[in-house]
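Okay, here's what each chain looks like letter by letter:
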Amino acid sequence: MSTIDNTLTSFINIASDSDFSIHNLPYGIFSDTKSGKHRAGVAIGEHVLDLSVLETEGLLSLNGGPYFNQSTLNAFIDSGRDNWTQARQTIQTLLSSDNATLRDNADLQKKALFKQADVTMHLPVRVPGFTDFYSSKEHATNVGTMFRDPNNALLPNWNEMPVGYNGRASTVIVSGTDIVRPSGQLKPNPDDRPIFSACKRLDFELETAFVVGKGNHIGQPIAVDDASDHIFGMVLLNDWSARDIQKWEYVPLGPFNAKTFASEVSPWIITMDALAPFKTACPAQEPKPLAYLNEKSSDNSFDIHLSVELLPKDAEKATVICETNFKYMYWSMAQQLTHHTITGCKVEVGDMMGSGTISGPTPDSYGSMLEIAWNATKPVTLKGGETRSFIEDGDTVIMKGYSEKDGIRVGFGEVRGKILPALSFDFDK
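Residues numbered from 1 in each chain as written. Predicted model: local features only at pLDDT ≥ 70, side-chain atom pairs only at ≥ 80, totals over all residues. Heavy atoms only, no water.

Concerning the overall build of the protein chain
Cut-off, in case you're wondering: Strands here mean DSSP runs of E at least two residues long; helices mean DSSP runs of H or I at least four residues long; both are numbered from the N terminus. Both definitions apply: the radius of gyration is a C-alpha atom measure, and the globule rule equals 2.2 Å times residues to the power 0.38. Only protein chains enter the accessibility calculation, which uses a 1.4 Å probe. A residue is then buried if its area is under 20% of the maximum for its type, exposed if over 50%, and partly exposed in between. In this analysis, two residues are considered to be in contact whenever any of their non-hydrogen atoms come within 4.5 Å of each other. The Shrake-Rupley method, run with a 1.4 Å probe sphere, supplies the accessible areas, and residue values consider only the shown protein chains as cover. Positive residues here are Lys and Arg, negative ones are Asp and Glu, while His and the chain termini are left out of the count. To locate a charge, take NZ of a lysine, CZ of an arginine, CG of an aspartate or CD of a glutamate.
The helix and strand tally for the protein chain stands at eleven helices and 26 strands. Scaling as 2.2 N^0.38, a compact globule of 429 residues should have a C-alpha radius of gyration of about 22 Å, and the protein chain matches this with 22 Å. With 429 residues in all, the protein chain has 53% of them scored as buried. The long-range fraction of contacts in the protein chain, counting pairs at least 24 apart against all pairs at least 6 apart in sequence, stands at 72%. When the accessible surface of the protein chain is split by element, carbon and sulfur atoms take 49% of a total near 19,300 Å². With 38 positive and 53 negative side-chain charges, the protein chain shows a spacing of 3 Å between the two charge centroids.

And the structure:
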């Protein structure tokens with residue numbers, strides 16, 4: 001486990017509760033106007049440091065570059081771990097309080113530092129493929145209890161492998177994108193034919209996703225103890241879900257339209273180097289996984305505090321409706337990636353793999369409205385007196401996450417999405 005250097009400080013004034021300390025330095029893609037040129041930056045306090053400027057000035061020269069005057073981070077990520085390490089060390093040095101290069105150069109600061117409030121953030125990577133797992137035992141148990149048999153909530157395969165499915169990369173979107181309520185087939189009455197309608201049980205799913213940093217060749221699985229070398233970093237993920245569409249369509253082949261309309265991610269990719277000091281163990285796995293899923297290291301998860309807030313339309317304040325932790329996840333990211341490739345499946349740089357809904361052991365730590373309101377039988381009361389069983393038009397869902405240790409905070413910022421009304425359809429024309 002990496003240690004934290006508490007003596008490292010930045011010349012930029014950073015609040016103690018900021019997600020973006022000098023120990024973090026997450027990567028993102030931004031523009032200084034909505035229609036401006038997209039390029040790479042790192043978050044530092046309330047600012048964005050323009051890496052393309054550092055590259056042009058010769059202060060950030062990496063093997064095979066330039067990389068940062070581009071609209072995605074894929075080329076930089078694909079350049080390999082040596083460049084990841086060098087870039088992080090160089091940026092950290094330039095931002096440190098005892099280095100004069102940027103600290104004492106007002107002209108360079110004017111060109112390279114922007115207020116986060118003044119820029120537009122964009123999807124940080126081109127996403128070739130998106131996969132969603134189902135790796136929280138508490139979440140899987142809750143869903144199985146509600147819809148199947150409380151005494152046999154988990155299907156037999158769940159404790160043997162990280163269950164997942166391939167989703168739609170085309171609808172991975174960045175935080176701040178409004179979501180149109182989806183429509184599709186619903187079956188409110190089991191004795192009648194389905195109807196076509198706007199989703200009535202729209203839900204969020206509190207997740208993280210990891211970004212693949214190194215691919216593999218088709219036919220060549222990634223070994224579980226090598227998997228960490230293939231992961232660049234993590235983002236927050238709200239994998240929006242249309243529960244009533246899903247209930248009707250998911251048998252026999254699993255999620256389809258209920259999960260394809262929006263997978264919303266935070267704009268900053270937190271590197272695994274930044275998260276290394278916050279490693280912890282996954283829950284005990286019983287039975288012991290098959291050999292290809294056995295990890296040598298016991299520090300195979302991360303202590304990441306997560307929360308969900310719900311802000312109704314025209315409300316003054318959001319209500320925190322969930323607080324949980326990534327460390328509750330039963331299957332690790334390494335196990336997920338290894339299982340995904342064990343048949344020889346090829347993964348590519350920029351692929352995103354969702355954790356699945358992250359739920360903890362108590363009702364206030366459940367990671368979806370389906371669980372929090374227990375399938376609409378226990379509505380949630382918000383500030384101001386409104387109640388919710390599922391997400392309504394005009395609601396904004398805000399997810400946040402951070403790790404903290406020895407006074408050092410490494411955070412994800414937020415992923416925020418607002419629900420717009422469903423489209424109107426006239427099939428009689």
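Points about the pairing of strand β20 (residues 305-311)
Put simply, the test is: Note: two strands are recorded as paired if DSSP finds a minimum of 2 bridges between them.
Judged by how many residues are buried, β20 sits mostly within the fold: six of seven residues are covered. Where β20 and strand β21 (residues 319-325) come together, six bridges link them in antiparallel fashion. Along β21, the bridge assignment pairs His 305 with Asn 325. In terms of strand pairing, β20 meets strand β25 (residues 396-405) through seven bridges, oriented antiparallel.

What to know about the nonpolar core
We apply this condition: We call a set of buried residues a nonpolar core when its members are Ala, Val, Leu, Ile, Met, Phe, Trp, Tyr or Cys and they connect through side-chain atoms within 4.5 Å of each other.
One finds Phe 204 and Trp 240 to be the most contacted residues of the largest nonpolar core, which totals 65 residues. With five residues, the top contributor of residues to this core is strand β26 (residues 408-420). Discounting residues that sit within four places of it in the chain, Phe 204 has contacts with Asn 238, Trp 240, Arg 243, Val 308, Ile 321, Gly 367, Ser 368, Met 369, Ile 372, Ile 391, Val 397 and Met 399. By size, the runner-up hydrophobic cluster in this structure holds 42 residues, among which are Leu 49, Ala 87, Leu 113 and Val 172.

Topic: the pattern of salt bridges
Quick reminder of the rule: Any Lys or Arg side-chain nitrogen found within 4 Å of a carboxyl oxygen on Asp or Glu counts as a salt bridge.
Per the stated rule, a full pass over the model turns up 17 salt bridges. The salt bridge involving Glu 57 is made with Lys 111; its shortest N-O contact spans 2.8 Å. Residue Glu 57 is found in the loop between α1 (51-56) and α2 (74-78), and its partner Lys 111 is found in helix α5 (residues 106-112); the two are separated by 54 residues along the sequence. Owing to a relative accessible area of 40%, Glu 57 belongs among the partly exposed residues under this scheme.

Some details on the domain arrangement of the protein chain
What counts here: For the domains described, the bounds stem from an automatic or database domain assignment. The buried area of a pairing is the accessible area, by a 1.4 Å probe, that goes missing from both parts when the two are put together, added over both.
Each domain of the protein chain was delimited in the assignment, giving domain 1 (27-122) and domain 2 (130-420). Measuring from the centre of the C-alpha atoms in domain 1 to the corresponding centre in domain 2 gives 30 Å. Contact with domain 1, which involves 18 residues of that partner, is made by 16 residues of domain 2. Here domain 1 and domain 2 share an interface that buries about 1,400 Å² over both sides, 64% of which is from carbon and sulfur atoms.

Concerning helix α3 (residues 81-95)
To keep things clear, this is the line we draw: Expected span of a helix, by definition, is 1.5 Å for each gap between consecutive residues, and there is one gap fewer than residues. The arc in question is formed by the directions pointing from the helix axis toward the C-beta atoms.
For α3, which comprises 15 residues, the first-to-last C-alpha distance of 21 Å matches the rise-based estimate of 21 Å (1.5 Å per residue) to within 8%. Regarding α3, the residues found buried are Asn 83, Trp 84, Ala 87, Arg 88, Ile 91, Gln 92, Leu 94 and Leu 95. Summarising the axial view, the buried residues of α3 lie within an arc of 165°, below the 170-degree limit, and thus occupy one face. Of the residues in α3, the exposed ones pointing more than 90 degrees away from the buried face are Asp 82 and Gln 89.

Quick notes on a nonpolar patch on the surface
Note the threshold: Only residues whose relative accessible area exceeds 30% and that form no salt bridge enter a patch; like-charged residues are grouped when within 9 Å of one another, and nonpolar side chains (Val, Leu, Ile, Met, Phe, Trp, Tyr) when within 5 Å.
A cluster of nonpolar side chains, namely Val 180, Phe 196, Leu 423, Phe 425 and Phe 427, defines an oily patch on the protein surface of about 540 Å² accessible area. Looking at Leu 423, the relative accessible area reads 58%, which means it is exposed.

Points about the sheet that holds β20
A sheet is described by the order of its strands in space; here five strands give the open sequence β9-β26-β25-β20-β21, paired in mixed fashion. Two strands in the sheet have a free side with no partner beyond their single neighbour: β9 (179-180) and β21.

A closer look at the packing of aromatic side chains
Here is the rule we go by: Pairing of aromatic side chains requires ring centres within 6.5 Å, counting the rings of Phe and Tyr and the six-membered ring of Trp. Pairs whose planes differ by under 30 degrees are stacked, by over 60 edge-to-face, and all others tilted.
Under the defined criterion, the tally for this structure stands at 14 aromatic pairs. Plain terms: the ring middles of Trp 84 and Phe 232 are 5.0 Å apart, the flat faces sit at 75° to each other, and that makes the pair edge-to-face. Separated by 148 residues along the polypeptide, Trp 84 in helix α3 and Phe 232 in strand β14 (residues 231-239) bring together distant segments of the chain. Just as Trp 84 is buried, Phe 232 falls in that class too. Connected via pairs of aromatic rings, a cluster forms that spans Tyr 27, Tyr 67, Phe 68, Phe 76, Trp 84 and Phe 232.

Quick look at the sheet that holds strand β3 (residues 47-50)
Quick note on the threshold: To obtain each axis, a line is fitted to C-alpha atoms, and for helices this fit is confined to the stretch in contact; angles are then taken between N-to-C directions over 0 to 180 degrees.
The antiparallel open sheet is built from five strands, whose spatial order is β4-β3-β2-β1-β5. Two strands close off the open sheet at either side, each with one partner strand: β4 (113-115) and β5 (120-122). Strand-to-strand twist across the sheet, computed as the mean angle between neighbouring axes with direction ignored, equals 45°. Bridging between strand β1 (residues 27-31) and strand β2 (residues 39-44) involves four bridges; their strand directions are antiparallel. Bridge pairing in β2 places Phe 30 opposite Arg 39.

Brief notes about the UniProt feature "domain: Fumarylacetoacetase N-terminal" (unreviewed entry) in the protein chain
Threshold: UniProt positions are given in the numbering used here, feature names are shortened, and annotations may be inferred rather than shown by experiment.
Taking the UniProt record as the reference, the feature "domain: Fumarylacetoacetase N-terminal" (unreviewed entry) is found at residues 23-124. Note that residues 23-124 is 36% helix and 21% strand, and that its end C-alpha atoms are spaced 20 Å apart.

Thoughts on the UniProt feature "binding site: Mg(2+)" (unreviewed entry) in the protein chain
As annotated by UniProt and renumbered to match this structure, "binding site: Mg(2+)" (unreviewed entry) occupies Asp 239, Lys 259 and Ser 263. For this annotated set, covering 25 residues, all C-alpha atoms fall within 7.9 Å of each other, a compact arrangement in space. Among the structural elements, Asp 239 can be located in strand β14. Asp 239 sits in the buried class, given a relative accessible area of 0%. Setting aside residues up to four positions removed in sequence, Asp 239 forms contacts with Phe 130, Asp 132, Tyr 165, Glu 205, Glu 207, Lys 259, Ala 262 and Ser 263. Within the secondary structure, Ser 263 is located in strand β16 (residues 263-265). A residue is classified by how much of its surface remains accessible, and Ser 263, at 1% relative accessible area, is buried. With near-sequence residues (within four places) excluded, Ser 263 lies in contact with Phe 130, Thr 171, Val 172, Ile 173, Leu 237, Asn 238 and Asp 239.

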